[in-house]
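Below are the chains, spelled out letter by letter.
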There are 2 protein chains.
Amino acid sequence: MPFKKTARKILLKRIPILTWGKEYTGQKLVNDLIAGFTVGLTVMPQALAYATLGGLEPQYGLYSAFIGCYIYAIFGSIKDITIGPTALMALMTYQQVMERNVDYAVLLCFLSGIVQIIMAILRLGVLIDFISIPVTVGFTSATSVVIATSQLKSLLGLKIKSSDFLDTMTKVISNIHQTRVNDLILGVSCIASLMLLRKLKDVRVHKKDSKPSKQQDTLKYILWLISTSRNAIVVVLCSLIAFYYERNGLGSPFLLTGNVKSGVPEFKLPPFETQLNNRTVLLGEMVSDLGSSIALVPIIAVLGNVAIAKAFASGSTIDATQELFTLSLCNLFGSFFSSMPITGSFSRSAVNHASGVQTPLGGIVTGTMVLLALGFLTPYFAYIPKASLAAVIVSAVVFMIEYEVVRPMWRSSKKDLACTFATFVACLIVGVEYGILLGVGVNLTFLLHSSARPAVYVEKQKTPHGVEYMAITPENSLYFPAIDFIKSSVGKAGMTSKHLPVVVDCRFILGADFTAAKGISALINEFMMRKQPLYFINTRKEVLHVFNGVMREDFKHFDSKEQVEQTIEDLTSDHGEQDCLLSHDCGDLHRRNLELKEISHNENLLV
Amino acid sequence: MPFKKTARKILLKRIPILTWGKEYTGQKLVNDLIAGFTVGLTVMPQALAYATLGGLEPQYGLYSAFIGCYIYAIFGSIKDITIGPTALMALMTYQQVMERNVDYAVLLCFLSGIVQIIMAILRLGVLIDFISIPVTVGFTSATSVVIATSQLKSLLGLKIKSSDFLDTMTKVISNIHQTRVNDLILGVSCIASLMLLRKLKDVRVHKKDSKPSKQQDTLKYILWLISTSRNAIVVVLCSLIAFYYERNGLGSPFLLTGNVKSGVPEFKLPPFETQLNNRTVLLGEMVSDLGSSIALVPIIAVLGNVAIAKAFASGSTIDATQELFTLSLCNLFGSFFSSMPITGSFSRSAVNHASGVQTPLGGIVTGTMVLLALGFLTPYFAYIPKASLAAVIVSAVVFMIEYEVVRPMWRSSKKDLACTFATFVACLIVGVEYGILLGVGVNLTFLLHSSARPAVYVEKQKTPHGVEYMAITPENSLYFPAIDFIKSSVGKAGMTSKHLPVVVDCRFILGADFTAAKGISALINEFMMRKQPLYFINTRKEVLHVFNGVMREDFKHFDSKEQVEQTIEDLTSDHGEQDCLLSHDCGDLHRRNLELKEISHNENLLV
């Protein structure tokens, strides 16, 4: 039964666990357990930190960290990816939560899922193609700067509230005298330790050309494990210090995270209304408050996820629609557990990959660890110093600033570099959401400008018998932004030598539209009024079709250069002299003659 | 002195009256006087009507009608164009004035002038190229419908206030029982008379093939004059009827225009603040109230003006910057005389042309007539029935509905027709301003989509000695929206026959950017990992430059098909068998071999 077969095929494609699950082995399970556990050690401090970054209570980071892992284990197609809270999503959430409440974050998560599923159904993945590398680089670099800046207040122990980059900088500088030295020392030492621990995995344990021994291999693995769990290690150590002080009644020398609500989040509908400033805000108003983030957050989530997928798919094609679909499920289900918007995390996916994960099943281990932490560890989370979490964030995002791309971009395309710069600056000044929109706008403007002002080559050529004519080659398709320019270029070329026939070579014209057809029609009329011959060669069938809708007889088209040159020669020899075209008296005669020629050439016309 | 010469040249270019003024003759003066007078007869009823359409008191239409004529006489480059109030500008003004006051209209006029002069300086005339014919057609047709609808209330004598199309329709229908029969009869008869009078100039006064006698010529001219002044004739007749009733103490049977303020408008600064709802609104708030119209009104004004200029320049190139500059002066100066935004009027320019105008001087006659009317005729304007002015508007705009373009567009390009339809519907539903933005958006999406998903031709070909290879030709330039698609197309083509070399023909790749270079670099890595050869031919210098910024050695490029086929043959013969490429063992050997080949081919590389 073909229906059953198709259904089965779709099912296998959309639920990858059905495929890889059949080939699952004990060895794979061991690998997945180790990888899942290691990722779990990474996600916990990150989740707490990103919740703070997003302007939410710490437990919301954990709420956001488990559901994505479970869903992706079933529907995900790339084994390395782990879905959960990220610095970028947290920052974009913060823009919405600031001066409002957590309900906006959860609703945004739900709506992101809805938008993503609509994108998956309408195959709108193509939208991502319109975000170029220059824009992405400018955007992520600016985001890193914004995030790093936002952590300054925690690192300095300042108690200020701020919104965007400029605001934060201003407030930090004007409050710099209130810096708490303890927090500053702790934060700086944490960052230094994290940077050192990060390098630990690159330490060479054996000579360059010899084969490592077993002990050396083990040592290497331990170093790697320490390096990978550095966030957890640093945070735990700092918490122990704080715990020691508090228990001995000395009071904490640092600002602490404070109470983290214990327990697994309730499964409930996302908030379709909320209480804000002592009044009920209904769904419609909440949606209009969220504004453009409803489109931007899911698109940027998809962008990030696709970028990670590409990085780990190692050359093989990724199923963008499946990734989109899975991501939408993660956000939809997540919103029922009070999650903020989530997407693939590059840092944790890298840890997962390096830990030797074999299947997406590793995610289930990670997710379960987060749930267990919610059940049993939250009382201890209260002792985590804020400065240590800030250090975790800063150490993560500082590597997202992509200064190394500037050199090749300068060499390759200065326009693109301008675009990166514009995006970067715009993100810092008007905020990351509008910054990326502005960057895409600038980028598209460059693109459209080149399609509006294409190169047009004009050259005087001679037929085999030495009759001169003007050859014009426009280097672009004929769509509306370019037609006026091409039309006036051809017109001008015709005016410079009114006695020469003009041949337009359409080899680079791959497509055309109605506006272009109207323009060409006007151009032909112009030439007719001057009684100057105008021919077209190498016109494609698609383009001819568009032109024929607007004009039929007047578009004189030949298949090859030889044919048109023959026609030009015939034209001249009939009149003895080419300059006769200038005279009005023989113009009509000439024109009739021309038409006869056309008719005799009719077998060559595609019309 | 070259500076003096340049200055002189610029002066002559920017002030055309200096050029045509020198060749001015008495005969030209007579022609200009007649044309200016005829246009004057047309502009007065139109000005009063468009002021009402714009939600302003009638005198503001006259205020807007004279300054453009004077300025254009000095700076204008096309003799036929007359600048003043138009239906479209009035409609766009109405959106801003409605529920506010006339200060907004005057400020909008001033800001339009500013935006236009900025556009002229930055050479932003290119923006107009992005409004295609389909969008223009959809927009003007919808505008005509909206304007015609807005006149329904005057035609039916209803006393309602309404904003947009849907609102007007709803209110007219629900108030239809309050129709004033007198106004309805007058309105309908006016429309009928105007339509008949419009046809009057086409009446044939002599036999088809005979030459007309002098009397016949005179008769023809009189008919034409009556036809051209039809608006004035109808309005004057209707006013006489109303005047008769009023003077005889019978009360007017129609709703009348009422008091029109007498006198030339004061020369004063445009309003940079205003009183609204008993409070002072400052410039900043006024600007933010005007919102996107500040950009849209001037752009659409320029669009209209350029379209008219093109129509009357009869083939010769128009100086778009000069037109932009003149239009900005008209609006800037206009705003000092309490004008609403103005632009070239198609109907009056056509009358001007048909009246045999010789130079822009005709405008001075028209402008002076309007000033005289303001001085002496305003008491009589009060008797003009509203329904007759509505009839003038309806009879003008009904011919702007371009239904005849649908057929050729359907034949030529269905996408363009969809675009027209989308613009039309959007203009009716969300208003003309956002409608046109939406139309441009849809249009650009179509354009960008075709550049994001180009055709890629894949073909198995053979070298002269029968060695097979895959030839791939992407039909588009390599910019960011397309690169992922092209990359995966080439990748897929390579995967389908992993043992064949792949040759990418770059003949249609006219340009590239950084994102594309990165993509191609990744593609090359992919092929290297599979040890499958990947060559490029016909790459342009510009494209090579962009690629070389990102990668140097790996991009294997040949100048011609022959060279690459030679390389492929050498490759195979060295190994005896082509399938060796599949085997991993000989892959490295093969690769080294390949590199040697490359080096020996180095003189052919453009790198």
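Just so it is clear, the model here is predicted, and its values are computed rather than measured.

### Regarding the overall build of chain A
Reasoning step 1: A tally of regular secondary structure across chain A gives 27 helices and nine strands.
Reasoning step 2: Its C-alpha radius of gyration of 33 Å places chain A more than 25% over the 25 Å reference for a compact globule of 607 residues.
Reasoning step 3: Across its three principal directions, the C-alpha atoms of chain A cover 115 × 65 × 65 Å.
Reasoning step 4: Here chain A holds 607 residues, and the buried ones make up 47% of them.

### Let's talk about the nonpolar core
Reasoning step 1: Counting 332 residues, the largest nonpolar core has A:Ile393 and B:Ile393 as its most contacted members.
Reasoning step 2: Excluding residues within four positions of it along the chain, A:Ile393 makes contact with A:Ala49, A:Leu53, A:Ala87, A:Ile147 and A:Gln151.

### Quick word on the relation of the copies chain A and chain B
Reasoning step 1: Rotating chain A by 180° and translating it 0.0 Å along the rotation axis places it on chain B, where the RMSD comes to 0.1 Å. In the structure described here, the two chain copies are related by an operation that fits a two-fold rotation axis. Closest approach to the rotation axis among the C-alpha atoms of chain A is made by A:Phe508, whose C-alpha sits 3.4 Å away.
Reasoning step 2: When you check the interface residues of chain A against chain B, 100% turn up at the interface there too, and the contact is symmetric in its surfaces.

### Focus on the sheet that holds strand S7 (residues 502-505) of chain B
Residues and elements named next belong to chain B.
Reasoning step 1: One open sheet holds the five strands; their spatial order is S5-S6-S7-S8-S9, and the pairing between them is mixed. Single-partner strands in this sheet number two, and they are strand S5 (456-462) and strand S9 (557-558).
Reasoning step 2: Where strand S8 (residues 534-537) and S9 come together, two bridges link them in parallel fashion. What sits directly across from Ile537, in S9, is Phe558.
Reasoning step 3: Against the sheet, helix H23 (residues 480-496) touches S5, strand S6 (468-474) and S7, its axis set at about 165° to S6.

### A few points about the interface of chain A and chain B
Reasoning step 1: Of the residues lining the interface, 37 residues belong to chain A; the matching set on chain B comes to 37 residues.
Reasoning step 2: At six residues, the largest contribution of residues to the side of chain A that touches chain B is made by helix H24 (residues 514-530) of chain A.
Reasoning step 3: Split into classes, the residues belonging to the side of chain A that touches chain B amount to 18 nonpolar, 11 polar and eight charged.

### Let's talk about the environment of B:Val260
All names here are of chain B.
Reasoning step 1: Topologically, Val260 is positioned in the loop between helix H12 (230-247) and strand S2 (273-276).
Reasoning step 2: We classify Val260 as buried; it has 22 C-beta atoms within 10 Å.
Reasoning step 3: Residues Val260 and Lys79, 181 residues apart in the sequence, show an inter-C-alpha distance of 32 Å.
Reasoning step 4: Setting aside its immediate chain neighbours within four residues, Val260 contacts Pro58, Gln59, Thr378, Phe381 and Ala382.

### Looking at the domain arrangement of chain A
Reasoning step 1: Assigned domains within chain A: domain 1 (12-420) and domain 2 (456-604).
Reasoning step 2: Domain 1 of chain A and domain 2 of chain A are separated by 61 Å when their C-alpha centres are compared.

### Observations regarding the pairing of strand S7 (residues 502-505) of chain A
Residues and elements named next belong to chain A.
Reasoning step 1: Looking at chain direction, strand S6 (residues 468-474) and S7 are connected through three bridges and run parallel. Looking at S7, one finds that Met470 is bridged to Val502.
Reasoning step 2: The β-α-β motif built from S6, the intervening helix H23 (residues 480-496) and the parallel element S7 has right-handed crossover chirality.
Reasoning step 3: Crossover S7 to strand S8 (residues 534-537) through H24 is right-handed.

### Digging into the packing of H24(A) against helix H25 (residues 541-550) of chain A
Residues and elements named next belong to chain A.
Reasoning step 1: Put simply, H24 and H25 touch, their axes get as near as 9 Å, and they point 65° apart. As judged from the angle between their axes, H24 and H25 are roughly perpendicular. Relative to H25, the crossing made by H24 is right-handed. Between H24 and H25, the residues in contact are Ala517, Lys518, Ile520 and Ser521 and Val546, Phe547, Gly549 and Val550, respectively.
Reasoning step 2: When its residues are assigned to classes, the contact of H24 with H25 shows five nonpolar, two polar and one charged.

### A few points about the confidence of the model for chain A
Residue and element names in this part refer to chain A.
Reasoning step 1: Of all residues in chain A, 93% attain a pLDDT of 70 or more, and the chain-wide mean is 83.
Reasoning step 2: The least confident element of chain A, judged by mean pLDDT, is helix H27 (residues 585-600) at 36; the most confident is strand S1 (residues 83-84) at 94.
Reasoning step 3: The model gives residues 576-607 a pLDDT under 50, and that stretch makes 37 contacts with residues more than four places away or in other chains.
Reasoning step 4: For this predicted complex, the interface score ipTM comes out at 0.74, alongside a pTM of 0.72.

### Section: unusual backbone geometry
Glycine aside, the phi torsion of most residues is negative, and most peptide linkages are trans.
Reasoning step 1: The backbone of A:Ser338 sits at a positive phi, close to 60°, despite the residue not being glycine.
Reasoning step 2: Structurally, the position occupied by A:Ser338 is in the loop between helix H15 (320-336) and strand S4 (343-344).
Reasoning step 3: Taking the C-beta count within 10 Å as the criterion, A:Ser338 has 23 such neighbours and is therefore assigned buried.
Reasoning step 4: At B:Asn278, a residue that is not glycine, the phi angle is positive and equals roughly 65°.

### Some details on the sheet that holds strand S9 (residues 557-558) of chain A
Residue and element names in this part refer to chain A.
Reasoning step 1: Spatially, five strands are ordered S5-S6-S7-S8-S9 in an open sheet, and the strand pairing comes out mixed. Each edge of the sheet is formed by a strand with only one pairing partner; in this case those strands are strand S5 (456-462) and S9.
Reasoning step 2: Pairing geometry for S7 and S8, over four bridges, is parallel. By the bridge assignment, Val503 is partnered in S8 with Tyr535.
Reasoning step 3: Sheet contacts for H23: S5, S6 and S7; angle to S6, the most-contacted strand, approximately 165°.

### Focus on the pairing of strand S2 (residues 273-276) of chain A
Working note: regular strand, side chains alternate between the two faces of the sheet.
All names here are of chain A.
Reasoning step 1: Pairing of S2 with strand S3 (residues 279-282) involves four bridges; the strand directions are antiparallel. When the sheet's bridge partners are listed, Gln275 is paired in S3 with Thr280.
Reasoning step 2: Linking S2 to S3, which pair antiparallel, is a turn of two residues; within it Asn277 sits at a positive phi near 50°.

Parameters at a glance
Residues numbered from 1 in each chain as written. Chains lettered and ligands numbered in written order. Predicted model: local features only at pLDDT ≥ 70, side-chain atom pairs only at ≥ 80, totals over all residues. Helix = DSSP H or I, 4+ residues; strand = E, 2+ residues; numbered from the N terminus. Rg over C-alpha atoms; globule rule 2.2 N^0.38 Å. Buried ≥ 20, exposed ≤ 12 C-beta atoms within 10 Å, placed from the backbone. Core = buried A, V, L, I, M, F, W, Y, C linked by C-beta atoms within 7 Å. Contact = placed C-beta atoms within 7 Å. Least-squares fit on C-alpha atoms with pLDDT ≥ 70 in both. Pairing = 2+ DSSP bridges. Axes fitted to C-alpha atoms, helices over the stretch in contact; angles between N-to-C directions. Nonpolar A, V, L, I, M, F, W, Y, C, P; charged D, E, K, R; others polar. Domains from an automatic or database assignment. Right-handed = clockwise from strand over helix to strand, strands pointing away. Parallel < 35°, antiparallel > 145°, perpendicular 65-115°, else oblique. Left-handed = near helix turned anticlockwise from the far one by under 90°. pLDDT = per-residue confidence, 0-100.

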